[in-house]
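Secondary and tertiary structure notes
Spelled out, the chains give:
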Amino acid sequence: MSNKLNLDKLDFQIIQAMAENAEISYADLGKKLFVSGGTIHVRIKKLQESGIVTGTRLTVDIKSLGFDVITFVGIYLQKSSMYEDVAKELKKIPQIVRLNYTTGNYSMFAEIVCKNIQQLKHVLHDKLQNIKGIERTETLISLEESFNRNVQVFEEEI
């Protein structure tokens, strides 16, 4: 099914509400949006089939699990044509939680989460730097995450 779905106000309200709290029941969400739980169920199913909604996620406080080092790594490629091959190799490194192909100074930008500096050194030195096609990297260590939120897909009209 095509992603070019005609979404209406209710679809956007459902997406926004579910992004804020994926555990809300269809019945409770229906009450909140003044429609039946069955309507919510049908709309969610349509959004899933179209690929707009791709699943649910559990939000985990990684710091409480001992992951104390969050870094952002700018990756310079030897040639931009090597992107796909390098991305496949980077995907094999579990500490890399996000990867983007970018414009600007870097060819790619990765977010890496590690338990400590020693693990980060291992990831950077022993894994990332050994990937064919990576010319060099620049690492930025996050001192604090001020906030992390979903995209606002629906705004109430003023």
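Position labels on residues start from 1 in each chain and follow its written sequence. Per-residue local features are limited, in this predicted model, to residues with pLDDT of at least 70; the limit for side-chain atom pairs, both in listing and counting, is 80 or more; totals at the level of whole chains, interfaces and linings are taken over all residues. Each side-chain value is derived from all of the structure's non-hydrogen atoms; neither hydrogens nor water enter the calculation.

1. A word on the environment of Met 82
We apply this condition: Under the DSSP-based scheme used, a helix requires at least four consecutive residues in state H or I and a strand at least two consecutive residues in state E, with every element numbered from the N terminus. Here the term buried applies to any residue with accessible area under 20% of the maximum for its type, exposed to any over 50%, and partly exposed to those in between, with areas from a 1.4 Å probe on protein chains only. We call two residues in contact whenever any of their non-hydrogen atoms come within 4.5 Å of each other.
Within the secondary structure layout, Met 82 lies in the loop between β1 (69–77) and α4 (83–91). The class for Met 82 is buried, based on a relative accessible area of 15%. Along the primary structure Met 82 and Ser 107 are separated by 25 residues, whereas in three dimensions their C-alpha atoms are 10.0 Å apart. If sequence neighbours within four positions are ignored, Met 82 has contacts with Leu 77, Lys 132 and Gly 133.

2. Some thoughts on the packing of aromatic side chains
Let me state the cut-off plainly: Two aromatic rings, drawn from Phe, Tyr or Trp (for Trp, its six-membered ring), form a pair once their centres lie within 6.5 Å of each other, and the interplanar angle then sorts them: stacked below 30 degrees, edge-to-face above 60, tilted otherwise. Whether a charge lies above a ring is judged from NZ of Lys or CZ of Arg, which has to be within 6 Å of the ring centre and within 35 degrees of the ring normal.
Following the criterion strictly, the structure yields four aromatic pairs and no others. Taken together, a centroid distance of 5.3 Å and an interplanar angle of 70° make the contact between Tyr 76 and Tyr 106 edge-to-face. Residue Tyr 76 is located in strand β1, and its partner Tyr 106 is located in the loop between β2 (96–101) and β3 (108–114); the two are separated by 30 residues in the primary sequence. Residue Tyr 76 is classed as buried on the basis of its relative accessible area, which comes to 15%. When its relative accessible area of 16% is taken as the criterion, Tyr 106 is described as buried. Each member of the aromatic cluster is reached from another via a ring pair, and the members are Phe 72, Tyr 76, Tyr 106 and Phe 109. Above the face of the Phe 67 ring, Lys 115 is positioned so that its terminal group lies 4.4 Å from the ring centre. Above the ring of Tyr 76, the side-chain terminus of Arg 136 is found at 3.9 Å from the ring centroid.

3. Side note on the nonpolar core
Going by this rule: By convention a nonpolar core is built from buried Ala, Val, Leu, Ile, Met, Phe, Trp, Tyr and Cys residues, the set being connected through side-chain atoms within 4.5 Å.
Ranked by size, the top nonpolar core spans 20 residues in total, and within it Ile 75, Val 86, Leu 90, Ile 96, Met 108, Ile 112 and Ile 134 carry the most contacts. Sorting the residues of this core by element identifies β1, α4, β3 and α5 (117–127) as the ones contributing at least two each. Excluding its chain neighbours within four sequence positions, the residues that come into contact with Leu 90 are Ile 75, Ile 96, Leu 99, Met 108, Leu 128, Ile 131 and Ile 134. Residues Ile 14, Ile 24, Ile 40 and Ile 44 belong to the second largest nonpolar core, which totals nine residues.

4. Examining helix α1 (residues 9–20)
Rule in force here: Multiplying 1.5 Å by the helix residue count minus one yields the expected span of that helix. N or O atoms closer than or at 3.5 Å make up a polar contact, with two conditions inside protein: a donor-capable atom paired with an acceptor-capable one, and, for residues adjacent in sequence, both atoms drawn from side chains.
Between its terminal C-alpha atoms α1 stretches 17 Å, which fits the 16 Å expected from 12 residues at 1.5 Å a residue. Buried within α1 are the following residues: Leu 10, Asp 11, Gln 13, Ile 14, Ile 15, Gln 16, Ala 17 and Met 18. One side-chain oxygen at the N-terminal end of α1 lies 3.2 Å from the backbone nitrogen of Leu 10; it belongs to Asp 8.

5. Some points on unusual backbone geometry
Notably, Phe 34 is not glycine yet its phi reads approximately 65°, a positive angle. Relative to the helices and strands, Phe 34 resides in the loop between α2 (26–33) and α3 (37–49). Note on Phe 34: relative accessible area 76%, which makes it exposed.

6. Digging into the packing of α1 against α2
In a pair of packed helices, the angle between the axes and the distance between the axes together describe the arrangement. Here is the rule we go by: Lines fitted to C-alpha atoms define the axes, with helix axes restricted to the stretch in contact, and inter-axis angles between N-to-C directions lie between 0 and 180 degrees. Comment on the angle field: the value is read as roughly parallel under 35 degrees, roughly antiparallel over 145, roughly perpendicular from 65 to 115, and oblique elsewhere. Note: crossing handedness is left-handed where the near helix turns anticlockwise from the far helix by less than a right angle, and right-handed where it turns clockwise. Each residue is assigned to one class: nonpolar for Ala, Val, Leu, Ile, Met, Phe, Trp, Tyr, Cys and Pro, charged for Asp, Glu, Lys and Arg, and polar for all the others, Gly among them.
It is at 11 Å that the axes of α1 and α2 come closest, and there the two elements cross at 125°. By the criterion of interaxial angle, the relationship of α1 to α2 is oblique. For the crossing formed where α1 meets α2, the hand is right-handed. Contact residues: α1 offers Leu 10, Gln 13, Ile 14, Ala 17 and Met 18, while α2 offers Tyr 26, Leu 29, Lys 32 and Leu 33. Here the residues of the contact of α1 with α2 are counted per class, giving seven nonpolar, one polar and one charged.

7. Re the layout of surface pockets
The criterion, for reference: Cavity means a closed set of points on a 1 Å grid over the protein atoms alone, one where a 1.4 Å probe fits but cannot get out, pocket means an open set with protein on both sides within 12 Å along at least 5 of 7 lines, and lining means a residue has an atom within 4 Å of a point. Grid points are joined across faces, edges and corners, and a volume is the space filled by probe spheres set on the points.
Its boundaries defined by the atoms lining it, the largest pocket holds a volume of some 1800 Å³. As for the largest pocket, its lining consists of 41 residues, of which Arg 57, Thr 59, Arg 98, Asn 148 and Asn 150 are closest to the centre. Of the residues belonging to the lining of the largest pocket, the class tally is 21 nonpolar, 12 polar and eight charged.

By themselves, these observations are geometric and do not establish any function.
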